[in-house]
Amino acid sequence: MSTTVNKKVKVRFAPSPTGDLHVGNIRTALFDWAYARHTGGTFLFRIEDTDTTRVTDEYIQAAIDTLKWLGLNWDEGPEVGGENGPYLQSARLDIYAEWAQKFLDQKDAYHCYCSAEELEAVREAQRAANVAPGYNGHCRDLTSEQVAAFKAQDRQPVVRMRMPDGGTTFTDLIRGEVSFDHKFVPDFVLVRGDGSPLYTLAVAVDDVLMKVTHVLRGEDLLSSTPRQIRVYQAMGLTEKDFPVFAHLPFVMGQDNAKLSKRNGEVSIAWYREKGFLPEAICNYLALLGWSPGDDRENVTMKELTELFTVEKVHSSPARFDMKKLEAINGDKIRALTLDEFLEWSLPFLTKAGVIAGSDSEIALVKKALPLIQERIIMLSEVPAMLKFLFVKDFTVEAESVSKITDEASKKVLQRSLSELENVTTWSHDAIEAVLRSSLIEEMGLKPRIAFGAVRIATTGSTISPPLFESMELLGKEASLARIRAGIAL
Ligand code: GLU
């Protein structure tokens, strides 16, 4: 079933890459994408990089890579192009300048010569008088003499939009009717003294010129909507042609504080490094603030595009739950085919220096991966789990040494060694049979104690893939050599 819309939907995701994209951005991108796909519309990706002091080329590239990595393919935007480009705002400065000039000519905007100090003095006075802060309209109607005097002082004016008296009301698809009294929306700057455009000008001009029909974005931008609507009006649009707004509720942290870019842990780069799968992130974020009407905990990208409607987005804030995301990631890892799991794991293994990437190493990794697929929740756990198979200078991890140097452990290792030396077919079944009959049945030991010592000696750690399979993969020679070294410790 598809949502009925009159015109072809075009949704945009328009981040300002002043840092790595974070969970909140990604959820917005995901909903934008899902809405475009659900309606058979267009998903447009635009980079809002007019804040040259904070946006870097690396962050721009990272934003592009992140969307690709998540599988949120766009129809118009960087790399793919499109008829409404360029899609980097820094390449559109002439367009904004032209519109600003038009607004000046139409008297929708005016030059404001107030200095930063003068504006601060106004704010100070407003604070003292307990009135809403904001521009006081000082330069709204300057005489030509006043303008000449400011010019003589060499002041660089900003371009300011005139907000008419009254208010702005619009229907938000999530929040319903929203109204702003212009008493609290003072005249605002469109272009700085140095000629650079501000967000409000660029975003509104682009949404119109790029023919965006739906603006789904974070709630933090709700208050900028009346200003954007003012720009649409100055561009000659009437209400029926305004994009429709839908402001997505905040994503809160577990502590109920707002998740923010400043918190490194929510940057998507962090999740990538930890080894979260894009599917798990999308699955989890899709259900953060939206549900198709049931209490499911899993949704595939395909289902999301089939089921996503803005009406089903909740209006209250969503709470981010790391444990849930981890659980979903574990599920998604278990659902991978062996080849997929291999492909995801290899970069982690090479980056950690566990393997160099030779064919024989990869073949061994492929044999070992099924042993750990059920046991990990993040791909970054793979190197530590498989390291024992590849290390050249094997040593037992420092914190486990004391667990095998006591007399009892030594006896376990000595007995294991003498039994295993006689195993001719080195298979996990044979290894298990021999160790069970000697250590458990004959010596009467508890499995945890007996196998724990063998595990530390052969894998170097208390945490490893299943022991007997691990020893099989390690090979007889290496396993026995390690047990001997363990006894000698
Ligand atoms: N570039 C803005 C930001 O990243 C978002 C623009 C918008 O969605 O309207 O905060």
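Computed from a predicted structure; not experimentally measured.

## Focus: the overall build of the protein chain
When helices and strands are tallied, the protein chain shows 20 helices and 11 strands. Relative to the 2.2 N^0.38 estimate, which gives 23 Å for 489 residues, the radius of gyration of the protein chain is 31 Å and therefore markedly larger than a compact globule would have. Taking all 489 residues of the protein chain together, the buried fraction comes to 50%. With the model as given, the accessible surface of the protein chain reaches about 23400 Å², and the carbon-plus-sulfur share is 51%. Put simply, the protein chain has 57 plus and 69 minus side-chain charges, and the middle of one group is 2 Å from the middle of the other.

## Focus on the pattern of salt bridges
Side chains that carry opposite charge are capable of pairing whenever their charged atoms lie near each other. Counted under the stated rule, the structure contains 31 salt bridges. One salt bridge in this structure joins Arg12 and Asp207, with 3.0 Å as the shortest N-O distance. With Arg12 in strand E1 (residues 10–13) and Asp207 in helix H6 (residues 199–209), the pair connects residues that are 195 residues apart, well separated along the chain. Residue classification places Arg12 among the buried residues on the basis of a relative accessible area of 4%. A salt bridge links Arg296 to Glu303; the nearest nitrogen and oxygen atoms lie 3.7 Å apart. Note on Arg296: relative accessible area 28%, which makes it partly exposed. One continuous salt-bridge network, built from bridges that share partners, spans Arg12, Arg46, Glu48, Arg92, Asp206 and Asp207.

## Overview of the nonpolar core
Judged by nonpolar contacts, the single largest core of 79 residues is most densely connected at Phe308, Phe320 and Leu386. Leave out the neighbours within four places in its chain, and Leu386 touches Leu349, Val365, Ala368, Leu369, Ile372 and Pro465.

## A short note on the sheet that holds strand E3 (residues 109–112)
The 3 strands lie next to each other as E3-E4-E7, forming an open sheet whose pairing is antiparallel. The outermost strands of the open sheet, each flanked by one partner alone, are E3 and strand E7 (188–191). Sheet twist, expressed as the mean angle between neighbouring strand axes with direction ignored, is 45°. Where helix H3 (residues 93–105) meets the sheet, it contacts E3, strand E4 (158–161) and E7, and its direction lies at approximately 100° from that of E3.

## Comments concerning the environment of Val11
The residue Val11 is located in strand E1 in this model. Put simply, Val11 and Gly41 are 30 residues apart on the chain and 7.6 Å apart in space, counted from C-alpha to C-alpha. Once residues lying within four places of it in the same chain are set aside, the contact partners of Val11 are Asp32, Tyr35, Ala36, Thr42, Phe43, Leu44, His214 and Leu216.

## Concerning unusual backbone geometry
Look at the link from Gly85 to Pro86: it is a cis peptide, with omega at -5°. Structurally, Pro86 is set in the loop between helix H2 (57–70) and H3. Of note in the backbone geometry, Glu79 takes a positive phi value of approximately 70° without being a glycine. With relative accessibility at 54%, the residue Glu79 sits in the exposed group. One non-glycine residue, Lys211, lies in positive phi territory at about 60°. Among the structural elements, Lys211 can be located in the loop between H6 and strand E8 (214–218).

## Observations regarding the site of the ligand
Around the ligand, the structure places Arg12, Ala14, Pro15, Ser16, Glu48, Tyr199, Val203, Arg217 and Leu221. Between the ligand and Ser16, the relevant distance is 2.7 Å, taken from a nitrogen atom to a side-chain nitrogen or oxygen of the residue. Between the ligand and Arg217 there is a distance of 2.8 Å, counted from an oxygen atom to a side-chain nitrogen or oxygen. Within the complex, the protein chains bury 83% of what would otherwise be the 300 Å² of accessible surface of the ligand. In terms of residue class, the shell around the ligand is made up of 5 nonpolar, 1 polar and 3 charged.

## What to know about the packing of H3 against H6
At a minimum axis separation of 10 Å, H3 and H6 run at an interaxial angle of 100°. The orientation of H3 relative to H6 falls into the category roughly perpendicular. Residues Ile95, Tyr96, Trp99, Ala100 and Phe103 of H3 lie in contact with H6, whose contacting residues are Leu201, Ala202, Val205, Asp206 and Leu209. Grouping the amino acids of the contact of H3 with H6 by side-chain chemistry returns 9 nonpolar, no polar and 1 charged.

## Let's talk about empty space enclosed by the protein
Leftover empty space is mapped by rolling, across the atoms, a probe with the size of a water molecule. Inspection of the entire model under this criterion finds 1 cavity of 30 Å³ or more. Here the largest cavity is characterised by a volume of approximately 40 Å³. Lining the largest cavity, in full, are Val23, Ile268, Tyr271, Ile281, Tyr284, Leu285, Phe320 and Leu325. Going through the elements one at a time, helix H8 (268–274) and helix H9 (278–286) are the ones with two or more residues in the lining of the largest cavity. It is H9 that contributes the most residues to the lining of the largest cavity, 3 residues altogether.

## Concerning H2
An α-helix turns once every 3.6 residues. As a result, residues three or four positions apart point the same way. For H2, with 14 residues, the first-to-last C-alpha span of 20 Å sits near the 20 Å given by 1.5 Å per residue. Every buried residue of H2 is listed here: Ile60, Ala63, Ile64, Thr66, Leu67, Trp69 and Leu70. Positive phi shows up at Gly71, right after H2, with a value of about 85°.

## Side note on the side chain of Thr213
Along the chain, Thr213 turns up in the loop between H6 and E8. Setting aside anything within four residues of it in sequence, one finds Thr213 in contact with Lys7, Lys8, Val9, Lys10, Pro243 and Val244.

## Topic: the packing of aromatic side chains
As enumerated under the stated definition, the model contains 17 aromatic pairs in all. On the basis of an interplanar angle of 25° and a centroid distance of 5.9 Å, the ring pair of Phe13 and Phe45 is categorised as stacked. Linking Phe13 in strand E1 with Phe45 in strand E2 (residues 42–45), this pair joins segments that are 32 residues apart in sequence. The exposure class of Phe13 is buried, given its relative accessible area of 4%.

Cut-off values and rules
Residues numbered from 1 in each chain as written. Predicted model: local features only at pLDDT ≥ 70, side-chain atom pairs only at ≥ 80, totals over all residues. Heavy atoms only, no water. Helix = DSSP H or I, 4+ residues; strand = E, 2+ residues; numbered from the N terminus. Rg over C-alpha atoms; globule rule 2.2 N^0.38 Å. Buried < 20%, exposed > 50% of the residue type's maximum accessible area, 1.4 Å probe, protein only. Areas by Shrake-Rupley, 256 points an atom, 1.4 Å probe, with all protein chains shown as cover. Lys, Arg positive; Asp, Glu negative; His and termini not counted. Charge placed at Lys NZ, Arg CZ, Asp CG, Glu CD. Salt bridge = Lys/Arg side-chain N within 4 Å of Asp/Glu carboxyl O. Core = buried A, V, L, I, M, F, W, Y, C linked by side-chain atoms within 4.5 Å. Contact = heavy atoms within 4.5 Å. Pairing = 2+ DSSP bridges. Axes fitted to C-alpha atoms, helices over the stretch in contact; angles between N-to-C directions. Near = heavy atom within 4 Å. Polar contact = N/O pair within 3.5 Å; in protein donor to acceptor, adjacent residues only side chain to side chain. Nonpolar A, V, L, I, M, F, W, Y, C, P; charged D, E, K, R; others polar. Parallel < 35°, antiparallel > 145°, perpendicular 65-115°, else oblique. 1 Å grid on protein atoms, 1.4 Å probe; cavity = no way out; pocket = protein on both sides within 12 Å on 5 of 7 lines; lining within 4 Å. Points joined across faces, edges and corners; volume = space filled by probe spheres on them. Expected span 1.5 Å × (residues − 1). Phe/Tyr/Trp six-rings, centres within 6.5 Å; stacked < 30°, edge-to-face > 60°.

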